[in-house]
Amino acid sequence: MLFICSMGWALTFEEAWEATQQNSAALALVHEQVVQARGYRTQAFAAVLPQVSLTGNYIINDHETTADLGSGLFDALPPEFAPLFEGVEIPPIVLEEKAYPTLEIQVVQPLLNGQAIPGLRAVGHNLQATEAEEQSIRSQLRGGLAKAWYGTLLAREGERLAGEALAQARKHAEQVEVQVATGVAAPTARLQAQLAVTRAQREVAAARAGVVQAESALRTLMGATPEIEQALAGELAMPETPALPFGSLEEALAGLSGRQDLAAAEHRSAAAAASRTISYMGWAPSLNGVFRYNQSPETGFNPDGSRWRLILNAQWNLWDGGMRIGANQVAASQYRQATEAERKAREEAGQQIRVAWERYQQSLATLTLVEEEAALAAENLRLAEAAWGAGTLTFLELEDARLGLKASRMALAAERANRDLAIIDLLVATGRW
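The sections below set out a description of the structure shown in this document. Here the structure is a predicted model, which means the values were calculated and not measured.

With that out of the way, let us pick up the environment of V212. Relative to the helices and strands, V212 is located in helix α5 (residues 187–222). Judged by its relative accessible area of 46%, V212 falls in the partly exposed class.

Encoded structure:
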């Protein structure tokens, strides 16, 4: 962007859009919502994937625990067997050492969970809804940038026309001075010329204020960075008139499927339906498979110190005090709410397209009239200047012709901008911008 400005080239709308995407806080916020939705989807897979945990302990007891059987073990033997065990000593058996480490590995695999699959569907639809909302906000932001862009171009054009009118008023004032000095014009013509110059100066000041306001709105969208400040100090390129991919209101209404906000509402409804299923499946039992492996130096009853086991764990919460009943009611209500929101969004989208189409048709008709008006105003000023030079026209009549041309040229620029913005509104309303 700095290179373009340094070369004296005009800043284009697409370059402004790139800067807006980089600096927009709204886009950054909604993108983080997408990141969070992706994280929720990852979390949901925990309901169907195995969970592996590793536990290590180092145990210190106040004393070692042993079992000392001693010689009393053979006292109950018949006397005839006593000589066989004479002199035999049995050492104490260590049941638990004073200090020792342990290790346990556990793998839990959900085998039956009625809420798992609906949960995956719910977070999947929520992710798609969030991504669609990001695209919708991006489209709306681009449409807002287009309005600010055309507003700035129109304000600058108004300032340029006001400057030309001021220069022309001063030129006529000089001519009037000559005519008054030579007696061709009455002294009142000088006063009228001075009033015309003052009026033109006031219009230049008002046009400059409009430029400052328009550029401020554009700067707010693009970001107030030094690079953007430098870019906005230069010229802005007039965008080409956007192409309209349809030629009738019926075709425009048929393009509702391209709107990302409607896609988001549809996915929200699907997510609410899946959440309702999750709530209903809370009444179902669950089944998990558990594998555990233990490693311990205790060899009193386990010579190698290790052991593994497989466990089938079944749970069925038959009654929870009514919590699930309330949760079912809430989930069903949220589903109905989501479907109504989707229906309302579709109705509002259709109305938005109808309004945008009517505005587009009106802008075309008005533009045709204003083009004719501008051509007539230009011819009128040409004839007025010729009559003024011949002395058959008053200065006020000449001033009226000049102001009429300025107004028609400004109206022409405004209606061309309105025509382009009406097309952009239609593209935004149909999800094509």
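On to the sheet that holds strand β4 (residues 99–112). Paired through backbone hydrogen bonds, the strands of a sheet run either parallel or antiparallel to each other. Taking strand neighbours across the sheet as the criterion, the 4 strands line up as β1-β4-β5-β6 in an open arrangement whose pairing is antiparallel. Each edge of the sheet is formed by a strand with only one pairing partner; in this case those strands are β1 (51–60) and β6 (306–315). With strand direction ignored, the average angle separating the axes of adjacent strands in the sheet is 20°.

Turning our attention to the side chain of S139. One can find S139 in helix α4 (residues 116–182). Residue class for S139 comes out buried when judged on its relative accessible area of 11%. If sequence neighbours within four positions are ignored, S139 has contacts with V428 and W433.

The next subject is the pattern of salt bridges. Opposite charge on two side chains lets them pair, provided their charged atoms get close. For the structure on display, the rule yields 25 salt bridges. The partner of E229 in a salt bridge is R219, with the nearest N and O atoms 2.8 Å apart. With E229 in helix α6 (residues 226–232) and R219 in helix α5, this residue pair connects regions lying 10 residues apart in the sequence. For E229, a relative accessible area of 34% puts it in the partly exposed group. The partner of E342 in a salt bridge is R346, with the nearest N and O atoms 3.7 Å apart. With a gap of 4 residues between them, E342 and R346 both fall in helix α9 (residues 323–390), about one helical turn apart. The network of salt bridges with common partners includes E157, R160, E164 and R409.

Closest axis-to-axis distance for the helix α2 (residues 13–23)/α4 pair is 11 Å, and the angle between their directions is 130°. As judged from the angle between their axes, α2 and α4 are oblique. The hand of the α2/α4 crossing is right-handed. Contacts from F13, E14, A16, W17, T20 and Q21 of α2 reach α4 at R138, L141, R142, L145, A146 and W149. Split into classes, the residues belonging to the contact of α2 with α4 amount to 7 nonpolar, 2 polar and 3 charged.

Moving on, we come to the packing of aromatic side chains. With the rule as written, the count across this model stands at 5 aromatic pairs. With centroids separated by 6.2 Å and ring planes inclined at 35°, the aromatic side chains of F13 and W433 adopt a geometry described as tilted. Of the two residues, F13 is situated in helix α2 and W433 in the segment after α10 (395–429); the sequence distance between them amounts to 420 residues. Between W357 and Y360 the ring centres are 5.7 Å apart and the planes differ by 55°, which places this aromatic pair in the tilted class. Note that W357 and Y360 are positioned in helix α9 at a spacing of 3 residues, about one turn of the helix. Judged by relative accessible area, Y360 falls into the buried class, the value being 13%. The aromatic ring of W433 is capped on one face by R142, whose charged end is 4.2 Å from the ring centroid. Over the ring of W283 we find R324; its NZ or CZ atom is 4.2 Å from the centre of that ring.

Conventions used here
Residues numbered from 1 in each chain as written. Predicted model: local features only at pLDDT ≥ 70, side-chain atom pairs only at ≥ 80, totals over all residues. Heavy atoms only, no water. Helix = DSSP H or I, 4+ residues; strand = E, 2+ residues; numbered from the N terminus. Buried < 20%, exposed > 50% of the residue type's maximum accessible area, 1.4 Å probe, protein only. Pairing = 2+ DSSP bridges. Axes fitted to C-alpha atoms, helices over the stretch in contact; angles between N-to-C directions. Contact = heavy atoms within 4.5 Å. Salt bridge = Lys/Arg side-chain N within 4 Å of Asp/Glu carboxyl O. Parallel < 35°, antiparallel > 145°, perpendicular 65-115°, else oblique. Left-handed = near helix turned anticlockwise from the far one by under 90°. Nonpolar A, V, L, I, M, F, W, Y, C, P; charged D, E, K, R; others polar. Phe/Tyr/Trp six-rings, centres within 6.5 Å; stacked < 30°, edge-to-face > 60°. Lys NZ or Arg CZ within 6 Å of the ring centre and 35° of its normal.

Read these as spatial facts, not as claims about activity.
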